[in-house]
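In case you want the letters, here they are:
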Amino acid sequence: MNSKSVRSGGLGQHEDLMLILLTIILVVFFSIMKPSFFSLASFASIARQIPEIGLFTLAMMLPMLVGGIDLSIIATANLASILMGMFMNRYIPKGEENVPVVIAALGIGVAVCVLVGFLNGVIIAIFRIPAMLVTLGMQMVVTGISLGITRGGTLSGFPVSFTSIGNGDIAGIPIQFIVFLIAGAVLLVIMQMTSFGIRLKMYGSNHTATVYSGTNEISLLIRTHMLSGVYVSLAAIIMSSRLTSASAGAAANYLMRAILIAVLGGVDPNGGKGRVMGVFWAVLLFQCMATGLNVLRVNSYIVIALYGVILLLSVFVRTKRQ
Amino acid sequence: MTKQSSENKFTKSYEFMLLVVVLALVAVLAIATGGRSIQPENIIDMLTSNSAYGVIAVGCLFVIISGGIDISFMAVAAVAQYVMALFMLNVGGNFLFCYLIVIVTGAAFGFVNAVLVNRLKVPTMIITIGTMNIIYGVMMKVSGGKRLHGFPSWFSSKTKLSLFLISVGTLIAMLAVAYWILRKTKVGRKIFAIGGNMEAARRSGINILKVQLFVYGFAGAAAGLGALIKCYLTQQASIEALYGDEMDVLAMVVLGGVSLSGGKGSVPGTLLGILIIALLGNGMTLVGVSSYWKDLVIGAVILISFCITGWRVIQTQKKEKRGGSAE
């Protein structure tokens with residue numbers, strides 16, 4: 001176990017290099033195929049789209065590290081967006097601005113996501129039901145609430161102080177990209193420097209040993225899912241402010257992408273392995289590819305199939321290495 | 001689970017609890033709708049419209065007992081449906097051909113899943129998400145998203161009897177076959193064995209790949225059969241008709257008592273799971289609850305059933321511990 005973990009440290013940097021190399025190759029390839037790809041506009045669009053999917057992937061990585069998965073993240077983000085939108089539309093008249101109300105709305109968004117994470121964690125940890133099944137059920141419940149309160153409709157007309165989170169920039173850098181970098185850095189610190197982060201990874205690689213070494217399994221799992229909820233809420237805020245709308249069915253295709261990027265970035269679906277930096281480089285690679293395929297006008301269904309192939313390929317490569 | 005289970009054990013089993021829930025649901029709905037829900041016509045309607053997903057659920061049951069989960073079944077079903085529809089439109093044939101085509105097509109995709117699951121050491125869900133996306137993406141491109149309809153008269157002229165036979169008849173046959181396989185055959189015991197402890201099963205000489213080929217092939221064939229029923233009911237075939245309803249099927253299986261990590265699950269349980277989902281859907285329509293709340297109700301029922309199942313397991317473990325220390 002010891003020598004393996006030492007090796008995986010070296011392997012991690014090796015994998016990062018591979019991802020960066022692949023990204024460069026892709027950028028060069030797309031630039032040759034379509035010179036207009038190599039422009040400030042397309043990199044700005046990549047920088048605007050990375051944060052959402054990146055935060056969703058980090059939210060997916062946490063439960064995967066303990067050997068679980070969270071299928072409810074997108075549904076939860078949509079519910080949070082809807083509740084934030086309803087709150088703002090109710091207390092801020094159209095066309096006016098009211099920053100305290102917007103901040104309160106953001107608080108509601110975070111609270112909802114953390115609460116859903118808490119419930120997921122409780123059912124998984126206390127009743128010992130596989131995370132996949134629990135979050136599947138939770139996804140139905142949360143989507144059901146969203147559909148019920150919106151009657152299947154779409155909310156819009158949010159104040160500018162809210163929508164500027166996902167559309168504004170500071171010194172040319174999109175605000176959401178700054179949020180993503182800070183959130184990623186915080187998670188990096190949590191994972192490497194706190195006992196919680198280290199126990200979390202330990203628990204993923206060997207449940208029994210971690211419990212015998214004096215870790216409260218139930219509290220660890222619940223806290224993991226609550227932390228995942230925080231990242232879901234950040235993604236929800238950025239997503240709804242960028243789209244300036246909220247609905248029960250938004251961003252449904254992000255779920256598969258988050259799993260794909262997590263696996264691409266070296267997160268082991270069996271638990272125990274996965275790094276924030278790996279996810280970061282994988283998001284960059286993925287978004288360059290997605291934007292490039294879009295610029296090349298590749299059929300969107302072929303893109304879906306391609307994502308499936310990449311998922312299986314990266315799993316295959318990983319299995320071979322082991 | 002064997003014959004020694006006494007009557008006392010039966011009343012304490014998960015299936016008995018489900019049976020009570022089903023009966024309670026029937027009673028409550030009958031009162032709430034003033035008896036409309038228990039009229040034969042409504043019951044036949046309800047069974048007919050739920051049998052397609054019921055058949056698919058039986059296939060999923062096998063996968064879940066073997067310790068995996070398959071998300072790609074709806075994509076597989078859609079392909080089988082499309083191939084069958086193309087065959088009918090271009091060649092003709094009869095019902096026997098239809099059944100053969102969907103079974104073979106479904107099983108073929110199942111075999112691909114099985115090989116991937118066997119070779120790649122990651123949770124089966126990740127793998128089947130991959131195959132699902134590939135199948136869906138390629139089929140949407142190939143078919144151009146077109147809906148196929150206008151089938152030959154032997155397929156499109158529905159009578160009440162043929163409708164009932166094709167839908168509910170297939171479901172009953174499927175349940176019977178599944179029950180027989182799981183309870184009476186060697187391969188059935190092997191499925192439970194690899195779901196309970198794959199390493200132990202391997203060391204006791206079970207060829208894991210063979211069992212997985214059977215399990216995923218069976219699930220694929222079941223998905224194909226479900227697609228045939230759906231096509232017969234709606235008289236059209238399209239790739240998008242089934243895609244996206246994965247949760248409705250998984251809900252049936254999960255409610256049927258497979259909730260605890262592989263090696264467990266039964267055909268009667270799944271039948272009751274199918275009935276609960278059917279009753280809930282039908283009941284909400286009759287009572288006049290907006291369909292927007294459907295997901296919430298079914299999801300909540302699933303989560304509550306998890307909590308009850310988990311709580312019961314914890315209680316029995318506690319009891320065993322106490323019993324052990326007393327001795």
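Residues numbered from 1 in each chain as written. Chains lettered and ligands numbered in written order. Predicted model: local features only at pLDDT ≥ 70, side-chain atom pairs only at ≥ 80, totals over all residues.

Caption draft 1: Structural view of the overall build of chain B. Per the secondary structure count, chain B includes 14 helices and 0 strands. Start at the N end of chain B and walk to the C end: the helices and strands fall as α-α-α-α-α-α-α-α-α-α-α-α-α-α. Taken over C-alpha atoms, the radius of gyration comes to 20 Å for chain B, in line with the 20 Å a tight globule of 327 residues would show. Structurally, chain B occupies a C-alpha span of about 75 × 55 × 35 Å along its principal axes. The 327 residues of chain B split such that 47% are buried. For chain B, the share of sequence-separated contacts (at least 6 apart) that also reach a separation of at least 24 residues comes to 79%. (Helix = DSSP H or I, 4+ residues; strand = E, 2+ residues; numbered from the N terminus. Rg over C-alpha atoms; globule rule 2.2 N^0.38 Å. Buried ≥ 20, exposed ≤ 12 C-beta atoms within 10 Å, placed from the backbone. Contact = placed C-beta atoms within 7 Å.)

Caption draft 2: The interface of chain B and chain A, seen in detail. Taken together, the contact pairs 40 residues of chain B with 39 residues of chain A. For the side of chain B that touches chain A, the secondary structure elements donating two or more residues are α6 (124–143), α12 (246–258) and α14 (294–326) of chain B. By residue number, the principal contributor to the side of chain B that touches chain A is α6(B), which donates 14 residues. Here the side of chain B that touches chain A is built from residues that sort into 28 nonpolar, 8 polar and 4 charged. (Nonpolar A, V, L, I, M, F, W, Y, C, P; charged D, E, K, R; others polar.)

Caption draft 3: Structural view of the nonpolar core. Grouped together as the largest cluster of nonpolar side chains are 207 residues, with contacts concentrated most on A235(A), I56(B) and C60(B). Examining the composition of this core, we find that 15 residues originate from one element, helix α11 (residues 208–234) of chain B, more than from any other. (Core = buried A, V, L, I, M, F, W, Y, C linked by C-beta atoms within 7 Å.)

Caption draft 4: Spotlight on the environment of P152(B). All names here are of chain B. In this structure, P152 sits in the loop between α6 and α7 (153–156). On the basis of neighbour counts, which here come to 13 C-beta atoms within 10 Å, the residue P152 falls in the partly exposed class. In this structure, the C-alpha to C-alpha distance between P152 and V91, residues 61 residues apart in sequence, is 10.0 Å.

Caption draft 5: Structural view of the packing of helix α11 (residues 254–264) of chain A against helix α12 (residues 276–295) of chain A. All names here are of chain A. One can describe the packing of α11 onto α12 by two numbers: an axis separation of 8 Å at closest approach and a directional angle of 120 degrees. When the interaxial angle is binned, α11 and α12 end up oblique. The element α11 and its partner α12 pack so that their crossing is right-handed. Contacts between α11 and α12 involve I261, A262 and L264 from the former and V279, A282, V283, L285 and F286 from the latter. When its residues are assigned to classes, the contact of α11 with α12 shows 8 nonpolar, no polar and no charged. (Axes fitted to C-alpha atoms, helices over the stretch in contact; angles between N-to-C directions. Parallel < 35°, antiparallel > 145°, perpendicular 65-115°, else oblique. Left-handed = near helix turned anticlockwise from the far one by under 90°.)

Caption draft 6: The packing of helix α8 (residues 160–184) of chain B against α11(B), seen in detail. All names here are of chain B. In contact at an axis separation of 9 Å, α8 and α11 are set at 165 degrees when each is read in the N-to-C sense. One way to sum up the angle between α8 and α11 is to call them roughly antiparallel. When the axes of α8 and α11 are compared, the crossing they make is left-handed. The segment α8 lies against α11, with I166, S167, T170 and M174 engaging A222, L225, I229, Y232 and L233. Of the residues belonging to the contact of α8 with α11, the class tally is 7 nonpolar, 2 polar and no charged.

Caption draft 7: Summary view of helix α13 (residues 267–287) of chain B. Across its 21 residues, α13(B) extends 30 Å between first and last C-alpha, which sits within 8% of the 30 Å expected from 1.5 Å per residue. Directly after α13(B), the chain includes G288(B), whose backbone phi takes a positive value near 95 degrees. (Expected span 1.5 Å × (residues − 1).)

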